[in-house]
Amino acid sequence: MSGPRNASARRALVLRTVIIAVIGLITVAPLYWMLAVAFSTRGELLGGGELRLWPRQVTWENVTRVFDSFPVATWLGNSIAIAVVVTIITVVTSLLAGYAFAHLKFRFSTPLFFIALATLVLPVQVIMVALFRIVVGLGLYGTYWAVILPSSASAFGLFLARQFMLGIPRELLEAARLDGAGHWQIFRRVVLPLSGPLIAVLAFMSLLQSWNDFAWPLIALRENELFTLPIGLLYLQGQANSDYGATMAFALINVVPMALLFLFFQKYFIAGFARSGIK
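If you're wondering where the values come from, they're calculated on a predicted model, not measured in any experiment.

(A) Expanded view of the nonpolar core. Core analysis: the largest hydrophobic core is formed by 36 residues, its most contacted members being Val66, Val72, Trp75, Trp216, Leu229 and Phe250. Per-element tally for this core: the top contributor is helix α14 (residues 244–276), with seven residues. Ignoring sequence-local partners within four residues, the contact set of Leu229 consists of Val72, Trp75, Leu76, Ser79, Trp211, Phe250, Ile253 and Asn254. Membership of the second largest hydrophobic core comes to 19 residues, among which are Leu95, Tyr99, Leu160 and Phe164.

Encoded structure:
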């Protein structure tokens, strides 16, 4: 009996490995092709001929041409500044709101929580007109804050933080209360030290969303010097729509920071989702 069972288990393992490998190749293929085009010469890209999976001569001319022709460094700095500020505010608000909904009892807490979750189904296009009128009314139109403030609260971050904090043993919180600690002390000394994986997940998700945000910054920012990388990519495509090497080089500049960030922090990212009960 053990022989057929072992053979069946091996076949299942091989099948799963093949499926994972195929999915991995499909996922990596666009990034690989982006690399190949970004480091190819213009003559090789436009010269036709045989299809090659990697350029004959690796060159940095596309990257240097992008930096020389467009204010990419400025756009990169704008993206970093906006993403960092949005991330800090989002993490703080999500942690505080998550603790409140998980461990504080107040009137209408459950309806308010579900109302916050209901905003997840609203596409950003539905609220753009209202956001635009608010931003203009506050005198923030055309500034960094016009992008930062509307993005600094996350309903999904609230949900994730609440689910994570519900998993913290109540015995720890009760012991802190017996020692005379208030809610702020419990949050700072008990909950926050246990929330490392949650903070990593919230920070990465907020960074990724803010980094790739396109529609709202396109409306809220009007000066070329304030553009972020996604808007800059659209601007580049309009200026050099047939320069595929430069376009892919710019896209690579946009993709690489988030890819490296995920590779370095994927352990905390996965642990945060696992402890939050998200499957």
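There's more to say after this.
(B) Looking closely at the UniProt feature "transmembrane region" (unreviewed entry) in the chain. On the UniProt side, "transmembrane region" (unreviewed entry) is annotated at positions that read residues 12–35, 80–101, 113–136, 142–161, 190–208 and 244–265 here. Secondary structure within residues 12–35 divides into 100% helix and 0% strand; the distance between the first and last C-alpha atoms comes to 34 Å. As annotated, residues 142–161 has a helix share of 60% and a strand share of 0%, and its two end C-alpha atoms lie 32 Å apart.

(C) Main features of the packing of helix α4 (residues 72–103) against helix α8 (residues 155–166). The N-to-C vectors of α4 and α8 enclose an angle of 50°; their axes lie 8 Å apart at closest approach. Viewed along their axes, α4 and α8 adopt a mutual orientation that is oblique. Between α4 and α8 lies a crossing of right-handed hand. Between α4 and α8, the contacting residues are Ser94, Leu95, Ala97, Gly98, Tyr99, Phe101, Ala102 and His103 on the first element and Gly157, Leu158, Ala161, Arg162, Met165 and Leu166 on the second.

(D) Summary view of helix α5 (residues 109–118). Every buried residue of α5 is accounted for by Ser109, Phe113, Ala116 and Leu117. All buried residues of α5 lie within an arc of 100° about the axis, which places them on one face of the element. Opposite the buried face of α5, at more than 90 degrees from it, the exposed residues are Phe114 and Ile115. Contacts made by the buried residues of α5 are with α4 and α8.

(E) Molecular detail of the pattern of salt bridges. For the structure on display, the rule yields one salt bridge. Here Glu174 ties to Arg177 by a salt bridge, and the two come within 3.0 Å at their closest N and O atoms. Here Glu174 and its partner Arg177 are both found in helix α9 (residues 170–178), three residues apart, which amounts to about one turn of the helix.

(F) Representation of the packing of α4 against helix α11 (residues 196–212). Put simply, α4 and α11 touch, their axes get as near as 8 Å, and they point 140° apart. The angle between the axes of α4 and α11 places the two elements in the oblique class. The way α4 lies across α11 gives a crossing that is right-handed. Between α4 and α11, the contacting residues are Leu76, Ser79, Ile80, Ile82, Ala83, Val84, Val86, Thr87, Thr90, Val91, Ser94 and Leu95 on the first element and Leu198, Ile199, Leu202, Ala203, Ser206, Leu207, Ser210 and Trp211 on the second. In terms of residue class, the contact of α4 with α11 is built from 14 nonpolar, six polar and no charged.

(G) Representation of the packing of aromatic side chains. If you walk through the whole model with that rule in mind, you get 14 aromatic pairs. On the basis of an interplanar angle of 70° and a centroid distance of 5.7 Å, the ring pair of Phe113 and Phe114 is categorised as edge-to-face. Relative to Phe159, the ring of Phe156 has its centre 6.2 Å away and its plane inclined at 40°; by these criteria the two rings are tilted. Taken together, the residues Phe156 and Phe159, both in helix α8 and three residues apart, mark about one turn of the helix. The partly exposed category is assigned to Phe156, whose relative accessible area is 25%. Aromatic rings pair up to connect Phe101, Phe106, Phe113, Phe114, Phe156 and Phe159 into one cluster. Over the ring of Phe113 we find Arg162; its NZ or CZ atom is 4.3 Å from the centre of that ring.

Rules and cut-offs
Residues numbered from 1 in each chain as written. Predicted model: local features only at pLDDT ≥ 70, side-chain atom pairs only at ≥ 80, totals over all residues. Heavy atoms only, no water. Core = buried A, V, L, I, M, F, W, Y, C linked by side-chain atoms within 4.5 Å. Buried < 20%, exposed > 50% of the residue type's maximum accessible area, 1.4 Å probe, protein only. Helix = DSSP H or I, 4+ residues; strand = E, 2+ residues; numbered from the N terminus. Contact = heavy atoms within 4.5 Å. UniProt positions renumbered as here; feature names shortened; annotations may be inferred. Axes fitted to C-alpha atoms, helices over the stretch in contact; angles between N-to-C directions. Parallel < 35°, antiparallel > 145°, perpendicular 65-115°, else oblique. Left-handed = near helix turned anticlockwise from the far one by under 90°. Arc of directions from axis to C-beta. Salt bridge = Lys/Arg side-chain N within 4 Å of Asp/Glu carboxyl O. Nonpolar A, V, L, I, M, F, W, Y, C, P; charged D, E, K, R; others polar. Phe/Tyr/Trp six-rings, centres within 6.5 Å; stacked < 30°, edge-to-face > 60°. Lys NZ or Arg CZ within 6 Å of the ring centre and 35° of its normal.

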